[in-house]
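The chain contents come next:
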Amino acid sequence: RILIVYTFNHRVQSWSLSKQSFLSCIGKKGSGDLEFNGPRGIAIDNHHRRIVIADSLNNRLVFLSSIDLSFLFSVGKQGYRPGEFNFPSSIAIDHDRCRIIVSDSDTNRVQVLSSIDGSFLFMFGHHQPDQLSFPQGLCIDNQGRIIVADLGNHRLQSFTPEGHHISSFDCRSLGQPWGVAFDEHRGLIAFTSGHRVHVIGANQWLADTF
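If you're wondering where the values come from, they're calculated on a predicted model, not measured in any experiment. Throughout, a residue's number is its position along its own chain's written sequence, starting from 1. Local features are withheld for residues below a pLDDT of 70 in this predicted model, meaning they are given only at 70 or higher, and side-chain atom pairs are given and counted only at 80 or more; totals for whole chains, interfaces and linings count all residues. Excluded from the side-chain calculations are hydrogens and water; all other atoms, namely the structure's heavy atoms, are used.

**Q** Go over the overall build of the chain, please, and point to the residues and values.
**A** Secondary structure elements follow DSSP: runs of H or I of four or more residues count as helices, runs of E of two or more count as strands, with numbering from the N terminus. A tally of helices and strands in the chain yields 1 helix and 18 strands. Per-residue accessibility, obtained with a 1.4 Å probe over protein chains only, is compared with the maximum for each type, and a residue is labelled buried under 20%, exposed over 50%, and partly exposed between these values. By residue count, 51% of the 210 residues in the chain fall in the buried class. For the chain, the computed accessible surface area is about 10,200 Å², with 50% contributed by carbon and sulfur atoms. Counting 19 positive and 19 negative side-chain charges, the chain places the averaged centre of each group 6 Å from the other. Per-residue accessibility takes into account occlusion by the displayed protein chains alone, with areas from the Shrake-Rupley method and a 1.4 Å probe. Think of it this way: Lys and Arg go in the positive column, Asp and Glu in the negative one, and His and the chain ends go nowhere. For the purpose of locating charges, the reference atoms are NZ of Lys, CZ of Arg, CG of Asp and CD of Glu.

Shown next, in the form of structure tokens:
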């Protein structure tokens, strides 16, 4: 299946990958159990058979069953304390460490949560030397490093699994980076910027990716 968060219609759609046909749709605008408000990020937690959605304007993460898209639970509310959100926009699952990585855009930080129950573990990016400015997309590479599309600073940033800064990739000549993905089979990093998708070799930027 292909799962799509339909931001402006406040719902999640499921499509068949093999038949390229529509399967099902859930959600409507609101703040209830199967309601969303401007959802933007989505990720699949294979270990727990869950789908995690960044319900951006409700400032929470919503957990659904990956089997039938039924509601399981949600975590978070608007705020600045650990485990609270201000416009969460993107999610990545670190399966090896059972963690959820969330870009909390309006607070210029990334939060790391347990994928077991959604409890807060730690955060980074705010009030640090290489701080983030409205972070958007993020992904995990094959070493567990966290790559963040640091939109406001026109760069990609990489961090250790513990949230310590490694290096930056300047995107200023390309525009503001929004989404980023890692291709573990080819060793490539793709990111969207300036109405284009740009692809770089992971080893061009991050040493020992393979």
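**Q** Explain the pairing of strand β8 (residues 88–94) to me, using residue names and the numbers behind them.
**A** When a strand is regular, its side chains alternate between the sheet's two faces. Counting buried positions along β8 yields 7 of 7 residues, so the element is predominantly enclosed. Strand pairing follows a simple DSSP-based rule, namely that at least 2 bridges must link the two strands. Here 6 bridges tie β8 to strand β9 (residues 99–104), and the two strands are oriented antiparallel to one another. Bridging across to β9, Ala-92 finds its partner in Ile-101.

**Q** Can you explain the pattern of salt bridges? Please cite residues and give values.
**A** Salt bridges are counted wherever a side-chain nitrogen of Lys or Arg sits within 4 Å of a carboxyl oxygen of Asp or Glu. All told, the structure shown has 10 salt bridges when counted by the stated rule. Close ionic contact of Asp-104 with Arg-109 constitutes a salt bridge, the shortest N to O distance being 3.0 Å.

**Q** So what's going on with unusual backbone geometry? Which residues, and what values?
**A** Look at His-154: it is not a glycine, yet its phi comes out positive at around 55°. Mapped onto the elements of the fold, His-154 is located in the loop between β13 (146–150) and β14 (155–159). Its identity is not glycine, yet His-195 carries a phi of approximately 65°, on the positive side. With respect to the helices and strands, His-195 occurs in the loop between β17 (188–193) and β18 (196–201).

**Q** Which residues make up the side chain of Arg-50, and what values do they have?
**A** Within the fold, Arg-50 resides in strand β5 (residues 50–55). Polar contacts involving the side chain of Arg-50 include one to the main-chain carbonyl oxygen of Ile-116, which spans 2.9 Å. With residues up to four places along the chain from it excluded, the contact list for Arg-50 reads Ala-43, Ile-44, Asp-45, Phe-63, Leu-64, Ser-66, Leu-72, Phe-73, Ser-115 and Ile-116. Whenever a nitrogen or oxygen atom comes within 3.5 Å of another N or O atom, the pair is scored as a polar contact, on the condition that within protein one atom can donate a hydrogen and the other can accept it, and that pairs from neighbouring residues in sequence are kept only if both atoms are in side chains. Note on contacts: a residue pair qualifies if any of its non-hydrogen atoms lie within 4.5 Å across the two residues.

**Q** Go over the sheet that holds strand β15 (residues 165–170), please, and point to the residues and values.
**A** To summarise the sheet geometry, strands pair through backbone hydrogen bonds and adopt either a parallel or an antiparallel arrangement. Sheet architecture is open: 4 strands sit in the order β12-β13-β14-β15, paired in antiparallel fashion. The strands lining the two open edges of the sheet, one partner per strand, are β12 (135–140) and β15. Here the average twist between neighbouring strands, direction ignored, is 20°. Sheet topology places β12 next to β13; 4 bridges connect them, and they run antiparallel. From the neighbouring strand, Cys-139 faces β13, where its bridge partner is Ile-147. Lines fitted to the C-alpha atoms define the axes, with helices restricted to the stretch that makes contact. Angles between their N-to-C directions range from 0 to 180 degrees.

**Q** So what about the pairing of strand β10 (residues 109–114)? Which residues, and what values?
**A** A large share of β10 lies buried, amounting to 6 of its 6 residues. Residue alternation in β10 divides its side chains into two sets, Arg-109, Gln-111 and Leu-113 and Val-110, Val-112 and Ser-114, and both sets are buried. The sheet contact formed by β9 and β10 spans 6 bridges and is antiparallel. Bridging from a neighbouring strand, Ser-103 pairs with Val-110 of β10. Counting the residues in the hairpin turn of β9 and β10 gives 4 residues, including Asn-108, whose phi is positive at 55°. The pairing of β10 with strand β11 (residues 120–124) spans 4 bridges and is antiparallel. Note on β11: the bridge partner recorded for Leu-113 is Phe-120. Remark: 5 residues form the turn of the hairpin made by β10 and β11, two consecutive strands paired antiparallel; Gly-118 in that turn has positive phi of roughly 75°.

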